Each structure stands twice: as C-alpha cells, then as structure tokens.
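Spelled out from the first residue to the last, the chains are:
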Amino acid sequence: MTLSRIRRQARILALQILYEVDVAGHRLEDVLERYQSDPQYPQPVRRYAERLVTGVWADRERIDRMIGEAAPAFPVEQLPPVDRNILRIAIYELLHEADVPLKAAINEAVEIAKQYGGESSSRFVNGVLGTIAANLASSGG
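Residues numbered from 1 in each chain as written. Predicted model: local features only at pLDDT ≥ 70, side-chain atom pairs only at ≥ 80, totals over all residues. Heavy atoms only, no water.

Attention now moves to the overall build of the protein chain. Across its full length, the protein chain holds seven helices and zero strands. Computed over the C-alpha atoms, the radius of gyration of the protein chain is 14 Å, within 12% of the 14 Å expected from 2.2 N^0.38 for a compact globule of 141 residues. Considered along the principal axes of its C-alpha atoms, the protein chain spans approximately 40 × 30 × 30 Å. Counting all 141 residues of the protein chain, 48% fall into the buried class. The long-range fraction of contacts in the protein chain, counting pairs at least 24 apart against all pairs at least 6 apart in sequence, stands at 68%. Carbon and sulfur atoms provide 50% of the accessible area of the protein chain, an area that totals close to 7400 Å². The positive charge centre, built from 17 side chains, and the negative charge centre, built from 19, are 5 Å apart in the protein chain. (Helix = DSSP H or I, 4+ residues; strand = E, 2+ residues; numbered from the N terminus. Rg over C-alpha atoms; globule rule 2.2 N^0.38 Å. Buried < 20%, exposed > 50% of the residue type's maximum accessible area, 1.4 Å probe, protein only. Contact = heavy atoms within 4.5 Å. Areas by Shrake-Rupley, 256 points an atom, 1.4 Å probe, with all protein chains shown as cover. Lys, Arg positive; Asp, Glu negative; His and termini not counted. Charge placed at Lys NZ, Arg CZ, Asp CG, Glu CD.)

Written as structure tokens, this is what we have:
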C-alpha cells in the first residue's frame, strides 16, 4: 500500500472518529480505542489516523480560530460537522506534518469533502484552506 493511499484512508478514518466525537459527544479515547482495535484497517492507517486525531484534538482551539478568521461569515460551531472536521484535519497537517506537501493536504481535503460533504463542501473547504495557506505563507509559518 502506497504512502498516499495509507494517508488517504487515515484521513477518512480520522474524519469518522472526529465526526462521532463531535456529533454524538462520545469520549475521544473510547472512539479512538474502538477504531484502533478494528482489524479492517491496516496498522499504518490506524497509526496515522491516531496521529491526526490526537493532534487535531490537542490543537483544536487554535485550528478553530484559524477557520473562524478565514471564514468569518461562517461560525465554526455552525459549520456542517463533516466540513468542520475535514478542515481541522487538513489544517493540522498544514501546521504539524512537514512531510505532507501543502497542495496534497488541500487536494486531499477537497476530495474527501466531495465524497463525504454536501454539495458546496468542496468549494468551501478549498476556499478556507487556500486562505489559511496564504496566511501561513505570508507569516512564514
């Protein structure tokens, strides 16, 4: 399995975990443990998904603030949960995963939004991430 395929599956798995925590209010630790013990997912997928989920969770205040600044007309808590969590995962990667190219993180998020989000999700995700990427580039971060 290629690295890009592992990461794609891990992002989708991370989305499922974060969505459940977000919507159902289940404890992150419980949801993560259930998915981590599921043999349907190869170990490298589970490892990267766990890294994404724990990273997003630890830095979600900063990430949500960045979303709010990039899309001030759309309060983060009112975004569709799928869009919100796709953005959180991609922004986490932009901030903390130096080996993930910026364009790859954005393109993957857009593709996942096309697959799992609403009709305008992919355009919204692309716009927000484009703004955040430009802000990071101009601030040197």
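Before going further, it helps to examine helix α6 (residues 102-116). Three- or four-residue spacings in an α-helix give side chains the same orientation, since the helix completes a turn every 3.6 residues. Helix length check: α6, at 15 residues, gives a terminal C-alpha distance of 21 Å against a target of 21 Å (1.5 Å per residue), a fit within 8%. Lining the buried residues of α6 we find α1 (3-24), α5 (81-96) and α7 (121-139). (Expected span 1.5 Å × (residues − 1).)

Attention now goes to the pattern of salt bridges. Considering all chains together, one arrives at 13 salt bridges under this definition. The residue E20 makes a salt bridge to R34 at a minimum N-O spacing of 2.5 Å. Remark: R34 occurs in helix α2 (residues 28-36) and E20 occurs in helix α1; sequence separation between them is 14 residues. Relative accessible area serves as the criterion here: at 43%, R34 is assigned to the partly exposed category. Taking the shortest distance from any N to any O, the salt bridge between D22 and R88 comes out at 3.8 Å. (Salt bridge = Lys/Arg side-chain N within 4 Å of Asp/Glu carboxyl O.)

Attention now goes to the packing of α6 against α7. Contact pair α6 / α7: the axes reach a minimum separation of 8 Å and the direction vectors enclose 160 degrees. Classed by the angle they form, the pair α6 and α7 counts as roughly antiparallel. Two packed elements cross with a definite hand, and for α6 against α7 that hand is right-handed. Contacts from L102, I106, A109, V110, A113 and K114 in α6 reach S121, S122, V125, N126, L129 and A133 in α7. Its residues assigned to classes, the contact of α6 with α7 comprises eight nonpolar, three polar and one charged. (Axes fitted to C-alpha atoms, helices over the stretch in contact; angles between N-to-C directions. Parallel < 35°, antiparallel > 145°, perpendicular 65-115°, else oblique. Left-handed = near helix turned anticlockwise from the far one by under 90°. Nonpolar A, V, L, I, M, F, W, Y, C, P; charged D, E, K, R; others polar.)

Any functional reading would require information beyond the geometric quantities listed.
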